[in-house]
Structures are given as structure tokens and as C-alpha cells.
Amino acid sequence: MHLGVIGFGNIGQELFMLLSDLELVRLTVLVRPGRIETAVEKLESLSQTVAARTTFVDDIGAFLAAQPSFVVETAGHDAVLNYGADILKSGTDLVVVSIGALADAALHDTLVAAARKGKARMILPSGAVGGLDILAGLAPAGDMQLRYFGTKPPKAWVGTPVAQNVDLDTLDHVLEFFHGTAREAASAYPKNANVAAALALAGGGFDATQVTLIADPAATGNSHRYELISPLATVSVDIANKASGGNVKTSLATVYSVLREIRNRLGPIAI
Ligand SMILES: NC(=O)c1ccc[n+]([C@@H]2O[C@H](COP(=O)([O-])OP(=O)(O)OC[C@H]3O[C@@H](n4cnc5c(N)ncnc54)[C@H](O)[C@@H]3O)[C@@H](O)[C@H]2O)c1
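Residues numbered from 1 in each chain as written. Predicted model: local features only at pLDDT ≥ 70, side-chain atom pairs only at ≥ 80, totals over all residues. Heavy atoms only, no water.

1. Focus on the overall build of the chain
And then number 1: Within the chain, the regular secondary structure consists of 10 helices and 11 strands.
And then number 2: By the burial criterion, 49% of the 271 residues in the chain qualify as buried.
And then number 3: Pairs at least 24 residues apart make up 74% of the contacts formed inside the chain by residues separated by at least 6 positions.
And then number 4: About 13300 Å² of surface is accessible on the chain, with carbon and sulfur atoms providing 50% of the total.
And then number 5: The distance from the centre of the 21 positive side-chain charges to the centre of the 26 negative ones in the chain is 5 Å. (Helix = DSSP H or I, 4+ residues; strand = E, 2+ residues; numbered from the N terminus. Buried < 20%, exposed > 50% of the residue type's maximum accessible area, 1.4 Å probe, protein only. Contact = heavy atoms within 4.5 Å. Areas by Shrake-Rupley, 256 points an atom, 1.4 Å probe, with all protein chains shown as cover. Lys, Arg positive; Asp, Glu negative; His and termini not counted. Charge placed at Lys NZ, Arg CZ, Asp CG, Glu CD.)

2. Comments concerning the nonpolar core
And then number 1: Within the largest apolar cluster, 58 residues are counted, with the highest numbers of intra-cluster contacts made by L135, Y148, F177 and L199.
And then number 2: In terms of residues, this core owes the most to one element, helix α9 (residues 194-202), which gives seven residues.
And then number 3: Inspection of this core shows a minimum of three residues originating in each of domain 1 (2-123) and domain 2 (132-247). (Core = buried A, V, L, I, M, F, W, Y, C linked by side-chain atoms within 4.5 Å. Domains from an automatic or database assignment.)

3. Notes on the site of the ligand
And then number 1: In the vicinity of the ligand there are 22 residues, among which N10, I11, S98, A128 and N194 approach most closely.
And then number 2: Backbone polar atom of I11 to an oxygen atom of the ligand: 2.8 Å apart, as the coordinates give it.
And then number 3: In the environment of the ligand, a nitrogen atom lies 3.2 Å from a nitrogen or oxygen atom belonging to the side chain of R32.
And then number 4: Mapped by element, the contributors of at least two residues to the shell around the ligand are α1 (10-16) and α5 (77-89).
And then number 5: Considering only residue class, the shell around the ligand consists of 10 nonpolar, 10 polar and two charged. (Near = heavy atom within 4 Å. Polar contact = N/O pair within 3.5 Å; in protein donor to acceptor, adjacent residues only side chain to side chain. Nonpolar A, V, L, I, M, F, W, Y, C, P; charged D, E, K, R; others polar.)

4. A closer look at the domain arrangement of the chain
And then number 1: Its domain assignment divides the chain into domain 1 (2-123) and domain 2 (132-247).
And then number 2: The centre of domain 1, based on its C-alpha atoms, is set 26 Å off from the matching centre of domain 2.
And then number 3: Approximately 750 Å² of surface area, both sides summed, lies buried where domain 1 meets domain 2, with 61% of it carried by carbon and sulfur atoms.
And then number 4: Taken together, domain 1 and domain 2 are joined by zero salt bridges. (Buried area = accessible area lost by both parts, 1.4 Å probe. Salt bridge = Lys/Arg side-chain N within 4 Å of Asp/Glu carboxyl O.)

5. Section: the pairing of strand β4 (residues 70-73)
And then number 1: Residues of β4 alternate between two faces, with F70 and V72 on one and V71 and E73 on the opposite face, all of them buried.
And then number 2: Sheet topology places strand β1 (residues 2-6) next to β4; four bridges connect them, and they run parallel. Opposite V5, over in β4, you have V72 as the bridge partner.
And then number 3: By the bridge criterion, four bridges tie β4 to strand β5 (residues 93-96) in an arrangement that is parallel. In the strand pairing of β5, V71 is matched with L94.
And then number 4: Tracing the backbone out of β4, into α5 and back to the parallel element β5 gives a crossover that is right-handed. (Pairing = 2+ DSSP bridges. Right-handed = clockwise from strand over helix to strand, strands pointing away.)

6. Some details on the sheet that holds strand β3 (residues 54-57)
Where strands meet in a sheet, backbone hydrogen bonds hold them as pairs that are either parallel or antiparallel.
And then number 1: The six strands are arranged β3-β2-β1-β4-β5-β6 in an open sheet whose pairing can be described as parallel. Among the strands making up the open sheet, the edge pair consists of β3 and β6 (122-123).
And then number 2: Its contacts with the sheet place α5 against β1, β2 (26-30), β4, β5 and β6, and it is angled at close to 160° to β5.
And then number 3: Strand contacts of helix α10 (residues 252-266): β1, β4, β5 and β6, with the helix running at about 175° to β4, the strand carrying the most contacts. (Axes fitted to C-alpha atoms, helices over the stretch in contact; angles between N-to-C directions.)

7. Section: the packing of α5 against helix α6 (residues 105-118)
And then number 1: Contact geometry of α5 with α6 gives a least axis separation of 7 Å together with a crossing angle of 20°. In this view, α5 runs roughly parallel relative to α6, as classed from their interaxial angle. Where α5 crosses over α6, the two elements pack in a sense that is left-handed. Contacts between α5 and α6 pair V80, L81, G84, A85, L88 and K89 from the former with L107, T110, L111, A114, A115, K117 and G118 from the latter. (Parallel < 35°, antiparallel > 145°, perpendicular 65-115°, else oblique. Left-handed = near helix turned anticlockwise from the far one by under 90°.)

8. Description of the sheet that holds strand β7 (residues 145-152)
And then number 1: The mixed open sheet is built from five strands, whose spatial order is β8-β9-β7-β10-β11. Of all the strands in the sheet, just β8 (175-181) and β11 (234-240) have a single pairing partner and so form its edges. In this sheet, adjacent strand axes meet at a mean angle of 10° when their direction is disregarded.
And then number 2: Alignment of strand β10 (residues 223-229) against β11, held across seven bridges, turns out to be antiparallel. Across the sheet, residue H224 finds its bridge partner in β11, namely I239.
And then number 3: Along the sheet face, α9 touches β7, β9 (209-215) and β10 and points at about 165° away from the line of β7.

Right under this line is the structure:
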């Protein structure tokens, strides 16, 4: 398989450390303009084996011209907005890790239309959360009520709207600072919208998914809890994610969820 990867940041680099045993004949990676040299050096320090099969490009035209057979996006919402439709229209399946981008209904519809046109598929990995299988399985039965609670240490909320009203450096108690729908959460906290968006897209949609965001000074990592009530089942999920050694922002579960999509594409069984 010729794997295309967009972005070579926290998730991209962690991912590349897991690829050496896979049957990837060739890899093409799209980085930002001017970043090729640094990326080459970084990859050579991570895995010589994978580096030997990898070409970096810094232009979407060159990336598409290389014709990867399967693409994973690990770059950000802008990359989904700017490149997603062209990749899908070219007939290439695309794994979107920046799933919060799909809270933008217009972009969501554009990508769905592009996937139909290219006879390609947009694949939404479970990312930092889990249980999307049962949510998506039950969704056609309708009437899903899902409540999601996302907890992070105060420093993880720096730069978000809550920091305007709360001194996160001195916060000494658990603070539930946002209650709203997944659509409202995606609009107010776009950089933290991935999990809420994944739950909404798998389950009852952005307006039927309730979100509570929490800052907890005792939290050592990011945790995701949700409760689903549907006519067919009740589901409770509680996930405490371990961050990568290199970067506290990157939950290893997210990296492994992208790896899972690649392995599913390569292997005789998809699970
Ligand atoms: N689905 C989930 O549960 C989940 C969990 C964590 C992160 N994410 C999302 O995954 C994405 C990547 O996360 P990360 O921690 O690796 O971020 P990061 O900032 O460490 O890495 C992103 C990399 O992509 C590059 N990039 C950005 N735009 C680009 C573009 N247009 N073309 C080429 N390269 C581009 C950046 O230069 C950077 O190197 C983010 O959007 C984040 O929100 C999703």
C-alpha cells in the first residue's frame, strides 16, 4: 500500500514510530511549506526503515500527483477544509483525525458530496474516545440521549474561553465550566471538539449530544466519560487516556486509533 499522511506533528510522528512492521511499500507525507528538511531529519531519527520508503512534499498538488492509495489526516481542521474534498474526489479514502472540523455543517456536506463523487470513503477513527461501534450501530434505532463529560487539567484549557473568566493557574477545585450541545461546544471550544464531534457523528447528531467540559486540578491526563440511553441499550464509557512520552497533548489512544485504520486496510480482517 502507498500510504499518504497529512501532517507530521505529535500524532504523525508517534504514528511513524509504529509503521515499520507494516506492509507499506511507499509513504508520502504532506508537511507545511519549508518544513521538508526538518521533517526528513526527524523521521530519520525515529525510524531509518520507514524513512527509506518515505517522501515528504510541501504542496497539495505534489501530494495528489504522488497518488497515495490511502490517506490519513493528522494535521488540523484547516487541512480537512483545504484538502479533504480534493482527496476524496480523486477516489482516495481519507481517515480524518481532526474530526471536530465536521461540526461545520457546510464542510461536512461538501466532504460527503466529494466522497460520493470520487466513490471514496471518509473514515472517522475513534481517536481519543471509544465505543463508537455501539453508538453507530444503535443510531438508526433513533431516540439517543448522550451526555458526555470531558475532563482535563486546568493548563489544558489555557487559551480557551474559560481562561477569560477563571484563573486556571490557581484553580483549586473541580470546575464544570461549559454545558451545552456538541454543536455549541464545537463552536466555543473548536480545538477540543474532536471527541464531542465523534460521539455526535456516531450517535444522535450534534444537537442531541450534551457536553460538559471540566477543569480538574487533580487530573493527570485527559478523561472522557459518556452515558448513552437509547431504546435498545444503555451504555456507560469511562476512558482515562495516557499521554505520549513526548507530548502531553497527544493521547496515545488517538495515535493507535489511526494505526488501527491502517491495519484494517492492510489486513485480512477489519476490526
Ligand atoms: N479525533 C481525536 O480524538 C483527536 C485527538 C487528538 C487530536 N486530534 C486532532 O488531530 C490533529 C493533529 O493533532 P496533533 O497533536 O498531531 O497536532 P500537532 O499540532 O502536533 O501536529 C499537526 C501537524 O500538522 C501540520 N499541519 C497543519 N496544517 C497543515 C497543512 N495544511 N498541511 C500540512 N501540514 C499541516 C503542522 O505543521 C503540525 O506539524 C489536530 O487537529 C487535533 O485536534 C484529534
